[in-house]
Each structure stands twice: as C-alpha cells, then as structure tokens.
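# Examination of the molecular architecture
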Amino acid sequence: MISAIIAKEWTEYRRDGRVVGVLLLLALLVAVGLVTGWSGLSEQQRQAQAAQRDDQATFLKQGEKNPHSAAHFGRMAYKPLPPLSVFDPGASPYLGQVIWLEAHAQDPAMFRPAEDAPDLRRLADLSVAGVLSLLIPLLLFLIGYGTFASERERGTLRQAVSSGSALQKLFTGKLLAVAAIGIGVAVIAITVSAVMAMSAPAGVLWSDILFRSVGLMFGYALYGVAFTALALFVSARTKTATSALLVLLSLWALSVVVLPRIAATASEHLYPTPDSETFWSETYQTIRESRPDRDSAEYKAAERLVLSRALGREVTDEEVAAMELNRSGLSLEVSEVIDANAFGAAYDQLYEAYEQQQEMRRAFSILSPAILLHHVSSGLAGTDTASHRHFAMEAEKQRNVIVRKMNEDMMLNGAGESFAYLADEDFWESIPDFRYQPVSLSYALRSVLWDFLLLALWAAVALWLAWRAARSQKII
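First, a word on what this report is: a plain description of the structure on this page. Position numbers for residues count from 1 along each chain, tracking the sequence in the order it is written. Side-chain atom pairs in this predicted model are given and counted only at pLDDT of 80 or more, local residue features only at pLDDT of at least 70, and totals for whole chains, interfaces and linings cover all residues. To obtain the side-chain values, all non-hydrogen atoms of the structure were used and water was disregarded.

### What about a nonpolar patch on the surface?
A patch consists of residues exposed above 30% relative accessible area that lack any salt bridge, with like charges linked at up to 9 Å and nonpolar side chains (Val, Leu, Ile, Met, Phe, Trp, Tyr) linked at up to 5 Å. Areas reported as accessible are Shrake-Rupley estimates using a 1.4 Å probe. Residue values count occlusion only from the protein chains shown. Every case where a carboxyl oxygen of Asp or Glu lies within 4 Å of a side-chain nitrogen of Lys or Arg is listed as a salt bridge. Taken together, the side chains of Leu457, Val461, Trp464 and Leu465 make up a nonpolar region of the molecular surface, amounting to roughly 370 Å² of accessible area. Secondary structure follows DSSP: runs of H or I at least 4 residues long count as helices, runs of E at least 2 residues long count as strands, and numbering of each begins at the N terminus. Within the secondary structure layout, Leu465 lies in helix 20 (residues 449–472). Here's how the labels work: a residue is buried when its accessible area is under 20% of the maximum for its type, exposed when over 50%, partly exposed in between, all with a 1.4 Å probe on protein chains only. A relative accessible area of 31% places Leu465 in the partly exposed class.

### Side note on the nonpolar core
In these notes, a set of buried Ala, Val, Leu, Ile, Met, Phe, Trp, Tyr and Cys residues joined through side-chain atoms within 4.5 Å is what counts as a nonpolar core. Of all hydrophobic cores here, the largest spans 65 residues; its most connected members are Leu26, Val30, Phe87, Leu132 and Tyr220. Contributing elements (two or more residues each) for this core: helix 1 (2–15), helix 2 (17–60), helix 7 (128–144), helix 10 (167–198), helix 11 (206–237), helix 12 (241–270), helix 17 (369–381) and helix 20. With twelve residues, helix 7 is the largest single contributor of residues to this core. Setting aside residues no more than four positions away along its own chain, Tyr220 makes contact with Phe87, Ala129, Leu132, Ser133, Ala186, Ile190, Leu373 and Ser377. Core analysis: the second largest hydrophobic core is formed by 34 residues, Ala71, Ala346, Tyr421 and Ile431 among them. Contacts were defined at the residue level, with two residues in contact if any of their heavy atoms lie within 4.5 Å.

### Some points on the pairing of strand 2 (residues 98–102)
Here is the key point about a regular strand: its side chains alternate between the two faces of the sheet. The element strand 2 is largely enclosed, with a buried count of four among its five residues. Where strand 1 (residues 75–78) and strand 2 come together, four bridges link them in antiparallel fashion. If you follow Arg75 over to strand 2, its bridge partner there is Leu101. By the bridge criterion, four bridges tie strand 2 to strand 3 (residues 105–110) in an arrangement that is antiparallel. Residue pairing across strands places Leu101 opposite Gln106, the latter belonging to strand 3. Should DSSP find at least two bridges between two strands, the strands are taken to pair. Count of turn residues in the strand 2/strand 3 antiparallel hairpin: two residues, of which His104 carries a positive phi of about 75 degrees.

### Some points on the packing of aromatic side chains
The aromatic pairing rule takes the rings of Phe, Tyr and Trp, using the six-membered ring of Trp, and pairs them if the centres are within 6.5 Å, calling planes under 30 degrees apart stacked, those over 60 edge-to-face and the rest tilted. Tallied over the full model, the rule gives 17 aromatic pairs. With 5.2 Å between their ring centres and 65 degrees between their planes, Phe279 and Tyr347 make a pair best called edge-to-face. Pair noted here: Phe279 is in helix 13 (residues 276–290) and Tyr347 is in helix 16 (residues 327–364), with a separation of 68 residues, a long-range link. Residue Phe279 shares its accessibility class with Tyr347, and that shared class is buried. Note on Tyr284 and Phe343: the rings are 6.0 Å apart at their centroids and 90 degrees apart in plane angle, and the pair reads as edge-to-face. Placement of Tyr284 in helix 13 and of Phe343 in helix 16 is noted, with a sequence separation of 59 residues between them. Assessed through its relative accessible area of 32%, Tyr284 is described here as partly exposed. Members of the aromatic cluster, each reached through a chain of ring pairs, are Phe87, Phe141, Tyr220, Tyr223 and Phe227. Between the NZ or CZ atom of Arg75 and the centre of the ring of Phe59, over which it lies, the distance is 4.6 Å. In this arrangement the basic side chain of Lys174 is found over the ring face of Phe148, its NZ or CZ atom lying 5.9 Å from the centre. Remark: a charge is flagged as sitting over a ring if the NZ atom of Lys or the CZ atom of Arg is within 6 Å of the ring centre and within 35 degrees of the ring normal.

Written out as structure tokens, the structure is:
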C-alpha cells in the first residue's frame, strides 16, 4: 500500500512543471558548484605545493648565517585544503591558508581568498553545500504543500481513506515520497563530490573521505526529513493548498534565508572579536607587563628549563652561571618560553569568542535547522573554525621546534660571539619541514556532535507535529 502511494505521488510530481523546474535549477546550480569547487581545490593545492617547494629551496640556500637572523627570515606553514572543500568550503576562504613561522611572534594565517575576491565575484561563488541547504527546503515545500490540502479540496483524501488506506500508511507514503526526492538529490551531490575529492592529490585516505561523506548524507537526510515534516504539517493544518504554499514560502524565507544571517550578525555583536591592531597591541602589552626581571626566580627557572632541554639533563643555577654559552642565544630562547604563555592566552581568548559565536548561532537554531546543517556540513568537510584552530596549533608547534633549534645552536656553539656567530650551510638541512596531518574523523564528529543531536531532535519534533496534524484533521 505504501509503495502504491509513493508511486502515485511521484506521478503527480512528474506532471507538475514547477517541481521539474526547481529540480532542473537545483541540478544546474549543483553542477556549477561542483565545477567551481573542483577548480578552486585544484588551483589552491597546486599553489600551496609549489609555494612549499620554493620556501624549502630558498631556506636551504641561505649559506652561512646567524641562526637568529634565519629565525626572523622564518619558514611558511601551508594549510592543505581539505578534499571535501569541493563540497563545502565553509570558513576556509576567510581564515587564511599560510602561517609565517618567525621568531618572537605567533602569527595568524595569511592569504584569505575572500579578501582578494571582489564583492560581485563572491556573490557568484556557489558551493554545493550552500545550494543544497538553500534550495532543498524550497523544493520540498513546493512538492509537499498540497499533500493533504490539495487532496482534501478535491475530495480524494476522503476516498483514499474510505477505500482502505489507513491514515498512518497514507502519512508514511506521502512523507517518504516527498523526502526521498530532496534526500536523493543531496545523496547524489555528496557522492559526486566525494568521488571528486578522492581523485584530488591531497594525501588523505579514501576511507576518511568516505566516512565523512556518509556523515554528510546522514546530516542532509535529517535536514530533508525536518522540512518534509514541516510541509506535511502545514498542508494538514491549512484550509487550502494556496494558503499552505504561502505559509511554507514564508517559512522558507524566514528559516533558511533570514534567520541564519540574523544569527551570524547577533553572535558577532554579542561576542565581538578584536580587530588586528587591537589584538596585537593588547597582546604585546600583556607580554611587556608579564615579562619577569632577569634576576627573578621565574626568569632563572626559565633559563634552567631551556638549558636542561638543550643538554638533555637537569642543570642548576650554578651551572647556568658557569657555562660557556652564547648568552644572547640563551636570552632569545628564554624569551620564547616566557612569551609563549601570553600568545597562547591571547589566541585562546580569540577562539573562545569564535566558540561563543557558534553557541549563539546554535541558540537561534530552535527556529532554523539550516544553522545546524551549516555547522555539521563544514565540520565534517574539515572547513570549520575548529579544523583551522587545529592547523594553527600544529603550525605553532612547528614554529617552536624551528626557533628552539636555531636558538640552541647559537647558544651552545657560539659562545662569546653573540650575534656574530654564523651557522654552517649544512645546518639548515637539520631544520624539519612542516608536514600537517588534517584533523581526524573522530575530532570532526566531536566538534559537531551537538549540532547532529539538535538536528535529529528537529526532525523528530517536526515528524511528531506533522503526524498529530494529519491524524487530527477533518477528513469527512
């Protein structure tokens, strides 16, 4: 019986020009999103790989040089674009791709594609995830607005029930018929995106992309079910199909178009992030105020830590004072150790603001499941702020390794020479290159767990409301 109901519904949809038109538009925009996503992924990967090779070659050709000067020359940490950015670029265009690893400073990521793109081009950039989250609800509303209202107007709903079609089976059949179209479109788009992502030379396991894609399908399925249930609820509650369509179009505009933007604006207003000038001025002021005197116990403890780490054994204050060292190199590494706490606290505060903004957007999701889907989609694609923070932390670890190795070489091998000490050309070969391992699937799932649960709750509540409305409507 349910299969017969589904077949009957799909026959009507094929005859409805509006449904076919929206499906064609959706397919066209998804195709455009796939092409632009693949083009952007391929180009950025090519640029990052070429730049990384050039950076390494330039660093190795420095010749004899003071290690601290080389530390200021620095290295670059290039962020590989996640393969599934072909599906959802998320926040990647706004967070930067390259971090300069220099002495004395924990720099933010540079080279944000969104800053280099003119406003009109940004409007033309379409992602597959953006198209699906925007148009799948519209498609489902156009298909589902008349599921009960139109049949009730024509009198066919009474005939269907009186002919033996239990209301529960009728509801289930209509729900599956509508939801399957929206979910099917999402599954096809995600599958094609996954195949394209697997063909990208990103060094990511296929299994990782596959499992992330399954998670995306599950998220978009919950999203489709939620909006399908809303369509059936409104169709069962309104008196006419025209009224149902107007109500659903208003809901689409409010929950999918307007509320996500209001949520983003409100979160940024309530939990603002500092501009670049303010961030750096406050950070360096904190460093100046927290830096201990050279004769303090805290400073001497930092000296012991630096030397113990360099020599691989514990040292005493007396040994520190008696050792033949390049005191400039020792002072430089002590400064790195002390200042690291201030930089870490400043960035922790910045990312805490990002997390508070996400929590505020999540609070708005009670009125819009689209917000939850955005979090789930970018999180599983590896293009959210949590993934970027992971990259920034790994880049900072690499910066500490590079600067420490250079300061220790100057400290241990340049006794009495201060900044006149020059490292051999072969020394640069010992500096490790940055090899970034993207966040694991478990890390991504933990970051979007609440969004997944709330999206599932949205779908469950919408289904419950739709069933109650269908069961309580007047059929006779």
